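Results of the structural survey
The lines below spell out each chain.
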Amino acid sequence: MTQLTIRSGSWDELQQDAKFIREQVFIQEQNIPVVDEWDDQDDISQHFVIYDQAQPVATGRLLQNNSVGRVAVLKSHRGLGMGKMIMLHMIEQAKKQKREFLKLSSQVHAMPFYAGLGFIAEGDEYLDCGIAHIDMYLKLD
Ligand code: COA
């Protein structure tokens, strides 16, 4: 890992790079069905991609309804602070946009990751695409 850059933009601008990551992480690694991975929210969300030199390595999206979603880091780049970097960038953007809160549906294994960023779990666990999830919430100042 050398030079990191982060870009945000529309689906038109970033879909090629975001898809590259999401296909590897959600479809191939986590076996999420293709029909569930791509939805009508991509077109109207703000997308974020981190690049290690020219290679896209992490992504996430910020929906109009204050949801953060599709947060994924390539397996080869996990545990290096990429997930935290993209989340902190999305939180910063959300604050600039005067959003009052962020919410997300966390895979249960990722709860400690989001909790470390200040998100608080709400309600009971539920299954989505066969994976245990829990809702989490972050109030923004
Ligand atoms: N359990 C506990 N803590 C975790 C964790 C986990 N699964 N993953 C990360 N953390 C902690 C790290 O230890 C680190 O703590 P620190 O700030 O005290 O050092 C902090 O969270 C940030 O870790 P980071 O290196 O930025 O995480 P990452 O780049 O590996 O990304 C995920 C984390 C969850 C995004 C990544 O594992 C991933 O893409 N998983 C597959 C896709 C997925 O499940 N996405 C979540 C969908 S809800």
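To be clear, the structure that these remarks concern was listed above.
Here is a short report on the structure shown in this document. Because the structure is a prediction, the values reported are computed rather than measured.

Conventions used here
- Residues numbered from 1 in each chain as written.
- Predicted model: local features only at pLDDT ≥ 70, side-chain atom pairs only at ≥ 80, totals over all residues.
- Heavy atoms only, no water.
- Near = heavy atom within 4 Å.
- Polar contact = N/O pair within 3.5 Å; in protein donor to acceptor, adjacent residues only side chain to side chain.
- Areas by Shrake-Rupley, 256 points an atom, 1.4 Å probe, with all protein chains shown as cover.
- Helix = DSSP H or I, 4+ residues; strand = E, 2+ residues; numbered from the N terminus.
- Nonpolar A, V, L, I, M, F, W, Y, C, P; charged D, E, K, R; others polar.
- Phe/Tyr/Trp six-rings, centres within 6.5 Å; stacked < 30°, edge-to-face > 60°.
- Lys NZ or Arg CZ within 6 Å of the ring centre and 35° of its normal.
- Core = buried A, V, L, I, M, F, W, Y, C linked by side-chain atoms within 4.5 Å.
- Buried < 20%, exposed > 50% of the residue type's maximum accessible area, 1.4 Å probe, protein only.
- Contact = heavy atoms within 4.5 Å.
- Pairing = 2+ DSSP bridges.

1. A short note on the site of the ligand
Taken together, 20 residues sit near the ligand, with Val 71, Val 73, Gly 81, Gly 83 and Lys 84 positioned nearest. Between the ligand and Gly 79, the relevant distance is 2.9 Å, taken from an oxygen atom to a main-chain nitrogen or oxygen of the residue. In this structure, Lys 84 approaches the ligand through a main-chain N or O atom, which is 2.8 Å from an oxygen atom. For the ligand, whose free accessible area comes to 910 Å², the fraction covered by protein is 69%. At the level of secondary structure, the elements contributing two or more residues to the shell around the ligand comprise helix H1 (11–29), strand S4 (68–73), helix H3 (82–96), strand S5 (101–107) and helix H4 (111–115). By residue class, the composition of the shell around the ligand is 10 nonpolar, eight polar and two charged.

2. Some words on the packing of aromatic side chains
Going through the model one piece at a time under the given rule, you end up with four aromatic pairs. Among the aromatic residues, those joined into a ring-pair cluster are Phe 113, Tyr 114 and Phe 119. Sitting above the plane of the Trp 38 ring, Lys 19 keeps its charged end 5.9 Å from the centroid.

3. Let's talk about the nonpolar core
Generally speaking, nonpolar side chains in soluble globular proteins are found buried as a group. The biggest cluster of nonpolar side chains holds 36 residues, and the ones touching the most others in it are Val 68, Met 87, Leu 102, Tyr 114 and Phe 119. Elements supplying a minimum of two residues to this core: H1, strand S2 (46–52), strand S3 (55–62), S4, H3, S5 and strand S7 (131–139). Apart from residues no more than four positions distant in its own chain, Met 87 is found in contact with Val 68, Val 71, Leu 104, Phe 113, Tyr 114, Leu 117 and Phe 119.

4. Remarks on the pairing of S2
Judged by how many residues are buried, S2 sits mostly within the fold: seven of seven residues are covered. Examined bridge by bridge, strand S1 (residues 4–9) and S2 share six bridges and lie antiparallel to one another. Within S2, the residue paired with Gly 9 across the bridge is His 47. Strand direction decides the pairing type here: S2 and S3, joined by seven bridges, are antiparallel. Looking across to S3, one finds that Gln 46 is bridged to Leu 62.

Note that all results are geometric; they support no functional claim without further evidence.
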